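Residue-level listing of the chains:
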Number of protein chains: 2
Amino acid sequence: MNILTVGSVAYDEVITPFDRRERALGGSATFFSIAARHFAPVSIVAVIGSDFNLADEQLLEHKGIDLTGLEKVDGKCFFWKGEYLANWNDRITHDTQLNAFEHFKPKVPTAQRNSDVVFLGNIHPTLQRDVLNQVDKPKIVALDTMNLWIKETRADLIDTLKHVDFLLINDSEAAMLSGKRQLVEAAKTIAEMGPKTLCIKQGEHGAILIQGDQIFIAPAYPLCNVVDPTGAGDSFAGGFIGYLAAQQDFNFETLKKAVIYGSVMGSFTVESFSVDRLASISDADIEARYREFIKFTHFEG
Amino acid sequence: MNILTVGSVAYDEVITPFDRRERALGGSATFFSIAARHFAPVSIVAVIGSDFNLADEQLLEHKGIDLTGLEKVDGKCFFWKGEYLANWNDRITHDTQLNAFEHFKPKVPTAQRNSDVVFLGNIHPTLQRDVLNQVDKPKIVALDTMNLWIKETRADLIDTLKHVDFLLINDSEAAMLSGKRQLVEAAKTIAEMGPKTLCIKQGEHGAILIQGDQIFIAPAYPLCNVVDPTGAGDSFAGGFIGYLAAQQDFNFETLKKAVIYGSVMGSFTVESFSVDRLASISDADIEARYREFIKFTHFEG
């Protein structure tokens, strides 16, 4: 099935406890699409400024990502400057410049209006809904969001969530959205809002999948060298949604595998700045890490 | 097999984002022994002040913990005041008073000198070694430590580690001790120091077991209501070491089960302040959560 995603294509300036990188290709749509493209065709709806490097555009094209919906405007690309503190858990945002994104009106190209799978990356919920309104009856709609939108644009988000099957957020966001601290109760409340499946991303600590009474707790792959965590969550989403788009059914066992592929893709992303590592891996690398993951988490009880 | 543990028996003042508790029974030996006692006999070597409540002493006795080695001195019990911030990951220590612990010289009672399993709770490494020197050829020695001792008393710690089989620390402590950021490499360096098995405690995010080329990644049990994380790590150690003390062999499959029992015991502890929840559970509660854990993490690949 074809995947359509809306999100940011951006330049990041990233500071880690050990190193730093300027003008690192980033953005949710970038990480998502490079990860998901290993599993299924992907089209991007996003906006870039005139400062977007030709080499970065060629990288995305070379990866086989459909860029028909990548709008180009005058001015600069979305920019984020952030710093990871020594414990890697805390991240400080030094600067966010919407730039090209400020007046972004997502336009889904005609050829992509029949996409079967839609991934609404972490942007303003009304933009997410704009995209959804331009697509004909997708089989799967997944949405990523964050504390900012839950807090500032709650009504818009709740309106958008009505049409969403899979919600990907972290545990504190699930608590904030649902008003319930206990995850199973949070999932129940969120299911009533729309998304019947909740995927709790825990970053370097794995993910939890909750669908009705069914629960799957997956640890992360902790054996990689963390260089830069930026984009890990979007890459997780790319592996998760990408794997699903290549399947015939979406039963809970299939969803579990999708979570593991999500963790695998996230684990590659953190091994370098930007998409350096993610863009260099082969399908065989992915399968090898997936097998390793299964081996290291196997437990008979 | 009988377990001997040395550690603190203390009073804590705990502030969480939602509540607070004064004079909460705490300390590493307290949590460890209540958790471990579900699996095997446990003796404590520790010191308390004259302010120790009779009810708390009776609780430990009632749980069947041998208190022959619990020394009583004039003055106050060890005291810790801490606060958990809104994200639960960051903990601020407002006050630490050694009190009775200040001049503590651990004395292992004669009857406990032949203990088969020794758990050296998180205290100064020379005190840990003092205990070890008083015990005859234990079958298992496990040690818990922290960044403070790794940094301030490194030579003493490394000397003590020579006699240790299992080291329980978190990932940043493993990096600090070994000088290696990658966990498998850290475990290799630490194995050369003594402990052939490394158990990386990740708190609410599970644990990783590394022994030579064998690795087991276990997620935590995330479905409980977190009220107070204090003591979760010590309770994890109690479940882990307690389960091992009740086994005949210590192969890697056995160690995996021990990790899960550790996570189970930690998950109960966080559901209340102090030992309120941990001290109220039955063997059946533990088995039920262990089964639930297996169900929720099961994955065929």
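The following refers to the structure shown. No experiment lies behind these values; they were computed from the predicted model shown.

### Section: helix 8 (residues 232-245) of chain A
Right, on to step 1. Relative to the 20 Å expected for 14 residues at 1.5 Å per residue, helix 8 of chain A spans 20 Å between its end C-alpha atoms, a close match to the ideal helical length.
Right, on to step 2. Burial runs high along helix 8 of chain A: 13 of the 14 residues are buried.

### A word on the packing of aromatic side chains
Residue and element names in this part refer to chain B.
Right, on to step 1. Applying the stated criterion to the full structure yields 26 aromatic pairs over all chains.
Right, on to step 2. Ring geometry for Phe236 versus Phe240: centroids 6.2 Å apart, planes at 10 degrees, classification stacked. With Phe236 and Phe240 both in helix 8 (residues 232-245), this residue pair falls four residues apart, about one helical turn. One exposure class covers both Phe236 and Phe240, and it is buried.
Right, on to step 3. Seen in terms of ring centroids, Tyr261 and Tyr290 are 4.1 Å apart; in terms of plane orientation they differ by 5 degrees. Their pairing is stacked.

### As for the environment of Asp66 of chain A
Residue and element names in this part refer to chain A.
Right, on to step 1. With respect to the helices and strands, Asp66 occurs in strand 5 (residues 66-72).
Right, on to step 2. Judged by its relative accessible area of 26%, Asp66 falls in the partly exposed class.
Right, on to step 3. Separated by 24 residues in sequence, Asp66 and Val42 place their C-alpha atoms 6.1 Å apart.
Right, on to step 4. Within the structure, Asp66 has its side chain in polar contact with the side chain of Thr68 (distance 2.5 Å).

### Focus on the layout of surface pockets
Residue and element names in this part refer to chain A.
Right, on to step 1. In this structure, the second largest pocket spans a volume of roughly 170 Å³.
Right, on to step 2. For the second largest pocket, the lining is made up of 13 residues, of which Val184, Ala187, Lys188, Gly212 and Asp213 are closest to its centre.
Right, on to step 3. The element contributing the most residues to the lining of the second largest pocket is helix 7 (residues 183-193), with four residues.
Right, on to step 4. Tallied by class, the residues present in the lining of the second largest pocket amount to seven nonpolar, three polar and three charged.

### Quick look at the packing of helix 1 (residues 28-36) of chain A against helix 8 of chain A
Any two packed helices are characterised by how steeply their axes cross, that is the angle between the axes, and by the distance between the axes.
All names here are of chain A.
Right, on to step 1. Relative to each other, helix 1 and helix 8 sit at 40 degrees, their axes nearing to 7 Å. On the basis of their axis angle, the class for helix 1 and helix 8 is oblique. Seen along the crossing, helix 1 lies across helix 8 with a hand that is right-handed. Residues Ser28, Phe31, Phe32, Ala35 and Ala36 of helix 1 form the contact with helix 8, whose participating residues are Asp234, Ser235, Ala237, Gly238, Gly239, Ile241 and Gly242.
Right, on to step 2. Its residues assigned to classes, the contact of helix 1 with helix 8 shows six nonpolar, five polar and one charged.

### Section: the relation of the copies chain B and chain A
For the pair of chain copies, the relating operation is a rotation around an axis with a shift along it.
Right, on to step 1. Structural alignment of chain B on chain A gives an RMSD of 0.0 Å, achieved by rotating through 180 degrees and translating 0.0 Å along the axis. In symmetry terms, the pair is related by a two-fold rotation axis. By C-alpha distance to the rotation axis, the residue of chain B lying nearest is Pro219 of chain B, at 2.3 Å.
Right, on to step 2. Here 100% of the contact residues of chain B are again contact residues in chain A; the copies associate through an equivalent surface.

### Observations regarding the sheet that holds strand 10 (residues 166-169) of chain A
The strands making up a sheet associate through backbone hydrogen bonding, with each pair oriented either parallel or antiparallel.
Residues and elements named next belong to chain A.
Right, on to step 1. Spatially, nine strands are ordered 5-4-1-8-9-10-11-12-13 in an open sheet, and the strand pairing comes out mixed. Each of the sheet's edge strands pairs with one partner strand only, and the pair in question is strand 5 and strand 13 (214-218). The mean inter-strand angle of the sheet, taken between neighbouring strand axes irrespective of direction, is 15 degrees.
Right, on to step 2. Along the sheet face, helix 7 touches strand 10, strand 11 (197-201), strand 12 (207-211) and strand 13 and points at about 50 degrees away from the line of strand 12.

What counts, and where the lines are drawn
Residue positions are counted from 1 within each chain, in the order its sequence is given. All chains are assigned letters beginning with A, and all ligands numbers beginning with 1, in the order in which they are written. For this predicted model, a pLDDT threshold of at least 70 governs which residues receive local features, and a threshold of 80 or more governs which side-chain atom pairs are given and counted, while totals over whole chains, interfaces and linings are taken from all residues. Where side-chain values are given, they derive from all heavy atoms of the structure, hydrogens and water being excluded. Strands here mean DSSP runs of E at least two residues long; helices mean DSSP runs of H or I at least four residues long; both are numbered from the N terminus. Here the expected length of a helix is defined as 1.5 Å per residue gap, with one fewer gap than residues. Relative accessibility decides the category of a residue: with a 1.4 Å probe and only protein chains considered, values under 20% of the type maximum give buried, values over 50% give exposed, and everything between is partly exposed. Here the aromatic set is Phe, Tyr and Trp, taking the six-membered ring for Trp, and pairing holds for ring centres within 6.5 Å; pairs whose planes are under 30 degrees apart are stacked, those over 60 apart are edge-to-face, and all others are tilted. Under the rule applied, a polar contact is a pair of N or O atoms within 3.5 Å (in protein, one hydrogen donor and one hydrogen acceptor; residues adjacent in sequence only if both atoms are side-chain atoms). Grid spacing is 1 Å over the protein atoms alone, the probe is 1.4 Å, and a cavity is where that probe fits but cannot get out, while a pocket is an open set with protein on both sides within 12 Å along at least five of seven lines and lining residues have an atom within 4 Å of a point. Grid points are joined across faces, edges and corners, and a volume is the space filled by probe spheres set on the points. Polarity classes work like this: nonpolar for Ala, Val, Leu, Ile, Met, Phe, Trp, Tyr, Cys and Pro, charged for Asp, Glu, Lys and Arg, and polar for all others, with Gly in that last group. All axes here are fitted lines through C-alpha atoms, helices being fitted over the stretch that makes contact, and every angle between N-to-C directions spans 0 to 180 degrees. Roughly parallel means an angle under 35 degrees; roughly antiparallel, over 145; roughly perpendicular, 65 to 115; everything else is oblique. In this scheme the handedness of a crossing depends on how the near helix is turned from the far one: anticlockwise by less than a right angle means left-handed, clockwise means right-handed. Residues count as neighbours in contact if any of their non-hydrogen atoms are within 4.5 Å of one another. A least-squares fit on C-alpha atoms brings the copies together, and the residues used are those whose pLDDT is at least 70 in both copies. Two strands pair under a simple rule: DSSP has to find at least two bridges between them.

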